[in-house]
Amino acid sequence: MQTTTDYAAMSQRLLEQLPPLRNFIGGAWTEGPTGETFTSINPATNQPIATVHAAGRAGAQQAVRAARAAFDSGAWSRMAPADRARALRRIADLIRQRADEIAVLETTDTGIPITQIRAGQVLRAADNFDFFAEMATQITGETYPVEGAFLNYSVHKPVGVAALITPWNTPFMLETWKVAPCLAAGNTCVLKPASWSPLSAYLLAQVIEEADLPPGTFNLVYGSGDTVGTALCADPEVNLISFTGETTTGKQLMRSGAATLKRYSMELGGKSPVIVFADADLDRALDAAIFGVFSLNGERCTAGTRLLLQRSIYDDFVARLIERVRRIRVGDPLDPATEVGPLIHARHLERVMGYLDIATAEGATIAVGGRRPDRPELAAGNYLEPTVIVDVRNEMRVAQEEIFGPVLTVLPFADEEEALRLANGVRYGLDAYLWTSDVGRATRLAPEIEAGMVWVNSQNVRDLRTPFGGMKESGIGREGGRHSFEFYTETRTIHVAFGRHPIPRFGATP
Ligand code: NAP
């Protein structure tokens, strides 16, 4: 069991050894053509921790050319699936070998508590490669025989070059969630990580370099969404865009790619309800509701940010909730005891706190939290006490807009009908959590909730085989299991005639 001191010493040592982060293009590390750099900040101290070379528009184009050349060479795209799978499993192994290092740098870069990164996110990242390696060997087509006349069948081929654009919340895991299926299907890619969390992508590129994939198969470019991101989306040589981020950014991306008609997978924002009926196991519901919104510092797309409580349990449940939330341990993210760390960036903290002002201005009440902790050792970081807002009406902005921090709004409901109306009364539809011991009610309600994923009597527990994604303004498309391959492969149909079916003979009559 590592201590805070161990992790802090490790973080310091790793940062001292960390060179300025370069782009990885065509199998080589490069500063990129612009000469521009930017700085990554430790959210716990607001001190700079890394210099990053921005690729700029020209660097993005170079990376796309490298990915295209690699794809066209066939070295990866035509490799036998079993060999591709072996290379991906090697990446998984290397991630596990470097798990401590990846976790410590990710925590230092993002402020997400080390225990949640080390045990959860980094191992999940390795699992993503293992899982999609296995899936790569199982890509099959379908046959549609027409007795005596045709054999029709479909094949799934890699599509080409993918731009993978990722956010700053749990960056390492989310990057692998895209890179692994993309490569497993035989595509090549350019990854552009978020500018607020560049460190772990650098380690991912190192790992992939060590796994010895053909040069240009995986490329990494740093730089702002406006320049590098836009350049990738607009590049005619890019076929696929897999994006995770805010809904407004997603719309912008689609505009950038429209002229060259991209295929998109969009994993966007959320405002997910946790609906608790009086007949539920209330102890488990309470644990899950708290974990669901305050883990990962509340910077989680699938966070259950709207707690809907049946009126008969509202007062008791809220009282227990407040007592528990008051005891959540906020602190140094490298401390294994910490449950909530600092938010990613001072600007993001300001935005989240702005919502607390909006809430009170609109007549809601902050029942617990809502302030920066007054402990001197936390003064320099982007810390916010876990916050619960009550006296909320569904039309208020805090009930409608994604806050993306450790903030929970609570609303009462009378019956199933009202629960459903509140749950569906937002523009988002990523996921939902339903708590009831009545199987009939669960079965009745779950499909009526407008969400890509509904968990019944559970927190968010991922099964990588299942489709993941949102509806409404939470996204387009599904990834996970075979659904990832529906996005990352081109389905082509081949019709083979046996030479016996009639062919109309135009012009045959003299
Ligand atoms: P964001 O601001 O939308 O940024 C995401 C990525 O897009 C970053 O790499 C960003 O680059 C880039 N980008 C920004 N503008 C761009 C443009 N015009 N063209 C191309 N790329 C552009 O999102 P975020 O603040 O990093 O992440 C939080 C959001 O992600 C939340 O809304 C959350 O719900 C969502 N999310 C969704 C899921 C899901 O599965 N549905 C999962 C996780 C997170 P820069 O960093 O350089 O700006």
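Residues numbered from 1 in each chain as written. Predicted model: local features only at pLDDT ≥ 70, side-chain atom pairs only at ≥ 80, totals over all residues. Heavy atoms only, no water.

Our next topic: the nonpolar core. Grouped together as the largest cluster of nonpolar side chains are 109 residues, with contacts concentrated most on Ile95, Val276, Leu307 and Val410. The leading source of residues in this core is helix α5 (residues 114–136), at 11 residues. Phe277, Leu343, Met396 and Ala423 belong to the second largest nonpolar core, which has 30 residues in total. (Core = buried A, V, L, I, M, F, W, Y, C linked by side-chain atoms within 4.5 Å. Buried < 20%, exposed > 50% of the residue type's maximum accessible area, 1.4 Å probe, protein only. Helix = DSSP H or I, 4+ residues; strand = E, 2+ residues; numbered from the N terminus.)

Turning our eyes to something else, we now look at the pairing of strand β15 (residues 387–390). The two faces of β15 match: Thr387 and Ile389 on one face and Val388 and Val390 on the other face are all buried. Relative to β15, strand β14 (residues 365–368) runs antiparallel, the two sharing 3 bridges. Each residue of the ladder has a partner; that of threonine 365, found in β15, is valine 390. Note that β15 and strand β16 (residues 407–413) share 3 bridges and pair parallel. Following the sheet pairing, threonine 387 is matched in β16 by valine 407. (Pairing = 2+ DSSP bridges.)

Counting buried residues in β16 gives 6 out of 7 residues, a clear majority hidden from the surface. Pairing analysis gives 5 bridges linking strand β13 (residues 304–310) to β16, with the strands arranged parallel. Residue pairing in the sheet places arginine 306 in a bridge with threonine 409 of β16.

Here we take up the packing of helix α3 (residues 81–97) against α5. At a minimum axis distance of 8 Å, the contact between α3 and α5 shows a crossing angle of 170°. When the axes of α3 and α5 are compared, the pair comes out roughly antiparallel. Contacts between α3 and α5 pair Pro81, Ala85, Leu88, Arg89, Ile91, Ala92, Ile95 and Arg96 from the former with Val122, Ala125, Ala126, Asp127, Phe129, Asp130, Ala133, Glu134 and Ala136 from the latter. Split into classes, the residues belonging to the contact of α3 with α5 amount to 12 nonpolar, no polar and 5 charged. (Axes fitted to C-alpha atoms, helices over the stretch in contact; angles between N-to-C directions. Parallel < 35°, antiparallel > 145°, perpendicular 65-115°, else oblique. Contact = heavy atoms within 4.5 Å. Nonpolar A, V, L, I, M, F, W, Y, C, P; charged D, E, K, R; others polar.)

Note that serine 458 resides in the loop between β19 (453–456) and β20 (471–472). With a relative accessible area of 15%, serine 458 lands in the buried category. At a separation of 3.5 Å, a polar atom in the side chain of serine 458 contacts the side chain of glutamine 459. If near-sequence neighbours (up to four positions away) are discounted, serine 458 is found in contact with Tyr433 and Trp435. (Polar contact = N/O pair within 3.5 Å; in protein donor to acceptor, adjacent residues only side chain to side chain.)

The subject of this paragraph is the sheet that holds strand β6 (residues 150–158). With respect to topology, 3 strands assemble into an open sheet ordered β5-β6-β22, the strand pairing being antiparallel. Each edge of the open sheet carries a strand with a single partner, namely β5 (143–146) and β22 (489–497). Neighbour to neighbour, the strand axes of the sheet diverge by 20° on average, direction disregarded. Examined bridge by bridge, β6 and β22 share 9 bridges and lie antiparallel to one another. Bridge pairing links tyrosine 153 to isoleucine 494 in β22. The sheet contacts of helix α16 (residues 481–488) involve β6 and β22, and relative to β22 the element is tilted by about 80°.

All right, on to the site of the ligand then. With respect to spatial proximity, 32 residues lie near the ligand, and among them Thr166, Ser195, Thr249, Leu268 and Glu402 are the closest. Contacts to the ligand include glutamate 402, whose side-chain N or O atom sits 2.5 Å from an oxygen atom. Burial of the ligand by the protein chains amounts to 90% of its free accessible area of 910 Å². If you list the elements that add at least two residues to the shell around the ligand, you get α8 (225–234), β10 (240–244) and α9 (247–258). The dominant element in the shell around the ligand, judged by the number of residues it contributes, is α8, at 4 residues. Grouping the amino acids of the shell around the ligand by side-chain chemistry returns 13 nonpolar, 14 polar and 5 charged. (Near = heavy atom within 4 Å. Areas by Shrake-Rupley, 256 points an atom, 1.4 Å probe, with all protein chains shown as cover.)

In this section: the sheet that holds β14. Across the sheet, 7 strands lie side by side as β14-β15-β16-β13-β12-β18-β19; this open sheet has mixed pairing. Looking along the sheet, the strands with just one partner apiece sit at the ends: β14 and β19. The average angle at which neighbouring strand axes cross in this sheet is 25°, direction not considered. Relative to β13, strand β12 (residues 272–276) is paired through 5 bridges, and the arrangement is parallel. Counted as the bridge partner of valine 276 is leucine 309 from β13. Against the sheet, helix α12 (residues 346–361) engages β14, β15 and β16, with an angle of about 25° to β15.

Before going further, it helps to examine the state of the cysteines. Applying the stated rule across the entire model yields 0 disulfides. Free cysteine: cysteine 189, not disulfide-bonded; nearest cysteine sulfur from cysteine 182 at 4.6 Å. The thiol of cysteine 233 is not disulfide-bonded; the next cysteine sulfur, from cysteine 182, is found 14 Å away. Note on cysteine 233: relative accessible area 1%, which makes it buried. (Disulfide = S-S within 2.5 Å.)

On to the packing of helix α4 (residues 99–110) against α5, then. Where α4 contacts α5, the axes come no closer than 9 Å and their chain directions differ by 130°. Relative to α5, the element α4 lies oblique. At the point where α4 passes α5, the crossing takes the right-handed sense. Two secondary-structure elements touch here, α4 through Ala99, Asp100, Ile102, Ala103, Val104, Glu106 and Thr107 and α5 through Ile114, Ile117, Arg118 and Val122. (Left-handed = near helix turned anticlockwise from the far one by under 90°.)

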